[in-house]
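Chain and residue survey
Residues per chain are reported as follows:
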Amino acid sequence: MTVTQAAPAPAAKRNKATDHQASLIVQGADATGIVAAVTAVLGRHGANIVSLDQYSDDPQGGSFFQRTVFNLAGLRAALPALRADFDGELVQRYGLAYTLRDMSVPKRVAVFASKSDHCLLDLLWRHRQGQLPVSIAMVISNHPDVAEEVRSFGIPFFHVPSMGADKSAAEAEHLRLLKDNVDFVVLARYMQILSGDFIAQVGVPIINIHHSFLPAFIGAGPYAKAKERGVKLVGATAHYVTEDLDEGPIIEQDVVRVSHADTAADLTRRGADVERAVLSRAVLWHAEDRVIRDGNHTIVFA
């Protein structure tokens, strides 16, 4: 296997705009007093709540979800004590699950791409403009076509060929590159199917952009098929990847209206615009801990 690469990825930098801010995600069985327990813990530690969103799918025995962002001077030093307090209040008292994260440390992401570059370059541009609070650790592609454009952004590029039915060698190299280096993966029109073994072993969430408002026009040439059907809307879907192809939890969707006068090329262009917007929103929301997975569903506090 031939692997070409750029320089090692730079270390993730702390985001000064969110210094001293943390996100708290809580989920589990709904019960009276959860919000009060969260705010009481934060109050005891002198934290100031910046935002708090919550949702219960059924107040009578349903599931509860909450995202809280709070500010606390000396946050890094206070995190162990906060976790100990939340363990007692949320885990032991209510049987809830929670995650607590210092938001000034951006999540590390690897972007997979093929020959189509519109989603990839959009993410790189938004990242350079400071619109995506992530650290892009690397771009991996099964084609070398986008190498120079990726490197122009100062992002390491790895070409890992993946041909034929047996993808095991390519996936082994992917796992080697990703191990302990990323917090999630984005498939920016990566035109390869990931095996169940890879999905299980990678150990981090994978976000995919699908070229339609799922489920419709599955397979090659989606916009030509849409043209043949005379569709009046084209769309895109960003979702988490599972072993069931294109059936993972949906994060974001959008559509654009088209007409009988639009050609297949017009649909492709307009569809690409929607794909870029949908994928960037999904990546942003995931990076900011706004998406909570619940089975094959998501709760999105956007």
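Right, let's walk through the structure included here.

Cut-offs applied
- Residues numbered from 1 in each chain as written.
- Predicted model: local features only at pLDDT ≥ 70, side-chain atom pairs only at ≥ 80, totals over all residues.
- Heavy atoms only, no water.
- Salt bridge = Lys/Arg side-chain N within 4 Å of Asp/Glu carboxyl O.
- Helix = DSSP H or I, 4+ residues; strand = E, 2+ residues; numbered from the N terminus.
- Buried < 20%, exposed > 50% of the residue type's maximum accessible area, 1.4 Å probe, protein only.
- Patch = residues over 30% accessible without salt bridge, like charges linked within 9 Å, V, L, I, M, F, W, Y side chains within 5 Å.
- Areas by Shrake-Rupley, 256 points an atom, 1.4 Å probe, with all protein chains shown as cover.
- Lys, Arg positive; Asp, Glu negative; His and termini not counted.
- Charge placed at Lys NZ, Arg CZ, Asp CG, Glu CD.
- Axes fitted to C-alpha atoms, helices over the stretch in contact; angles between N-to-C directions.
- Parallel < 35°, antiparallel > 145°, perpendicular 65-115°, else oblique.
- Left-handed = near helix turned anticlockwise from the far one by under 90°.
- Contact = heavy atoms within 4.5 Å.

1. Digging into the pattern of salt bridges
Across all of its chains, the model carries 16 salt bridges by this definition. Glu275 is the partner of Arg189 in a salt bridge, and the nearest nitrogen-oxygen pair spans 3.0 Å. You can see Arg189 sitting in the loop between strand E8 (184-187) and helix H6 (196-202) and its partner Glu275 sitting in helix H8 (residues 264-287), a full 86 residues away along the chain. Taking relative accessible area as the criterion, Glu275 reaches 1% and is therefore assigned buried. Among the ionic pairs, Arg270 bridges to Asp262, the shortest N-O distance being 3.5 Å. Since its relative accessible area comes to 24%, Arg270 is described here as partly exposed. What emerges from the salt-bridge pattern is a single network uniting Arg44, Asp85, Glu89 and Arg93.

2. Remarks on unusual backbone geometry
Notably, Arg189 is not glycine yet its phi reads approximately 60°, a positive angle. Its relative accessible area of 12% is what places Arg189 among the buried residues. In this structure, Asp289 is a non-glycine residue whose phi angle is positive, near 60°. For Asp289, a relative accessible area of 10% puts it in the buried group.

3. Quick word on a negative patch on the surface
The grouping of Asp197, Glu243, Asp244 and Glu247 at the surface amounts to a negative patch. Among the structural elements, Glu243 can be located in the loop between strand E10 (233-240) and strand E11 (250-257).

4. Remarks on the packing of helix H1 (residues 34-44) against helix H2 (residues 75-94)
Taken N-terminus to C-terminus, the directions of H1 and H2 make an angle of 165°; their axes are 10 Å apart at the nearest point. Classified by the angle between their axes, H1 and H2 sit roughly antiparallel to one another. Regarding H1 and H2, the two cross each other, and that crossing is right-handed. Contact residues: H1 offers Ile34, Ala37, Val38, Val41, Leu42 and Arg44, while H2 offers Leu82, Asp85, Phe86, Glu89, Leu90, Arg93 and Tyr94.

5. Comments concerning the environment of Gly62
Tracing the sequence through the fold places Gly62 in the loop between strand E2 (48-56) and strand E3 (63-71). Through-space distance from the C-alpha of Gly62 to that of Asp30 is 5.5 Å; in sequence the pair is 32 residues apart. When sequence neighbours within four positions are dropped, the list of residues in contact with Gly62 reads Gly28, Ala29, Asp30 and Asp57.

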